[in-house]
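Tertiary structure, described
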Amino acid sequence: MNFTEPRLCTISVTTGMLENGDGHYRKSYRDLDGLYADRAAFESILADRADDIAYEVTSYTPGGKTSDMILGVTRMAPGKVGREYFLTRGHIHANGDRPEIYQTLSGRGIMQMESPDGEVRLVEMGPQQVCYVPPFWIHRSVNIGDEDLVMFFSYPADSGQDYSIIARSGGMRVRIMDDGKGGWVAEDNTAWRNRSPEDVRAILENAGVAA
Ligand SMILES: O=P(O)(O)OC[C@H]1O[C@H](O)[C@H](O)[C@@H](O)[C@@H]1O
Ligand SMILES: [Fe+2]
């Protein structure tokens, strides 16, 4: 029997990268078009740093099965588009019943979660705090600090990412905004529309769960 070889990876908290992984992708500000509320503020970021890295993900994928755990690191730059803090695109796992674990290594962030039927959970996280993202929750990270947000993550390798679920509902239900006092406040996203009971049922049934 050919057992999978163990793998040692090193996390560089200062560069926000996993070393000795096998995956790396970057998202520039240009790639994040349409996510933020303040169109004019976003355009002005595009005007002078469209190709700068907004966030990047380095990872190791040992295989493709449920029992193979992907692990990696996300590094997200600090900043705001108007009053809205920088964020990752966000997704639900294409196999919706797959969970994820996130550990903040440096910086301050919010794990923004939304259930298929529109419940919102906001988990503020600092260094060495771990958030368990349960099956079926749409999730994205938001950098509410003034330095890089560096997070370790792990999830089953056959989870997959479905980004369309957020696009179809006009974004996530709330936006994480500067409260003007150095903190944050969650404000309703006026473009958001809830998923229908049929949509919710389809997400559950796709994972073999009775609605
Ligand atoms: O996939 P995004 O929504 O762009 O988020 C960026 C990354 O965030 C987390 O670290 C996830 O575990 C990654 O799978 C994801 O790629
Ligand atoms: Fe995920």
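See the structure printed just above.
About the criteria used
- Residues numbered from 1 in each chain as written.
- Chains lettered and ligands numbered in written order.
- Predicted model: local features only at pLDDT ≥ 70, side-chain atom pairs only at ≥ 80, totals over all residues.
- Heavy atoms only, no water.
- Pairing = 2+ DSSP bridges.
- Helix = DSSP H or I, 4+ residues; strand = E, 2+ residues; numbered from the N terminus.
- Axes fitted to C-alpha atoms, helices over the stretch in contact; angles between N-to-C directions.
- Phe/Tyr/Trp six-rings, centres within 6.5 Å; stacked < 30°, edge-to-face > 60°.
- Buried < 20%, exposed > 50% of the residue type's maximum accessible area, 1.4 Å probe, protein only.
- Lys NZ or Arg CZ within 6 Å of the ring centre and 35° of its normal.

Examining the sheet that holds strand 13 (residues 138–143)
- Taken together, 3 strands build an open sheet; the order of strands is 11-10-13 and the sheet is antiparallel. Both outer strands of the open sheet, strand 11 (120–125) and strand 13, are each paired with one neighbouring strand and no more. Between one strand axis and the next, the sheet turns by 20° as a mean value, whatever way the strands run.

Quick look at the sheet that holds strand 14 (residues 149–156)
- Read from one edge to the other, the open sheet built from 6 strands follows the order 3-4-5-14-9-12, with strand pairing classed as antiparallel. A single partner strand is all that each edge strand has here, and the edge strands are strand 3 (23–28) and strand 12 (130–133). Recorded for the sheet is a direction-independent mean angle of 20° between the axes of neighbouring strands.
- Note: strand 4 (residues 53–60) against strand 5 (residues 69–76), 6 bridges, orientation antiparallel. Residue pairing in the sheet places Tyr-60 in a bridge with Leu-71 of strand 5.

Structural notes on the packing of aromatic side chains
- For the coordinates displayed, the defined rule picks out 5 aromatic pairs.
- Ring centres of Tyr-36 and Phe-42 lie 6.0 Å apart, and the angle between their planes is 25°; this geometry places the pair in the stacked category.
- Its relative accessible area of 3% is what places Phe-42 among the buried residues.
- Ring geometry for Phe-153 and Tyr-155: centres 5.7 Å apart, planes at 25°, overall stacked.
- Look at Tyr-155 and you get buried, because its relative accessible area is 11%.
- These aromatic residues form a ring-pair network of at least three members: Tyr-29, Tyr-36, Phe-42 and Phe-86.
- Sitting over the ring of Tyr-29, Arg-49 keeps its end group 5.2 Å from the ring centre.
- Positioned over the ring face of Tyr-163 is Arg-89, at 4.0 Å from the centre of the ring.

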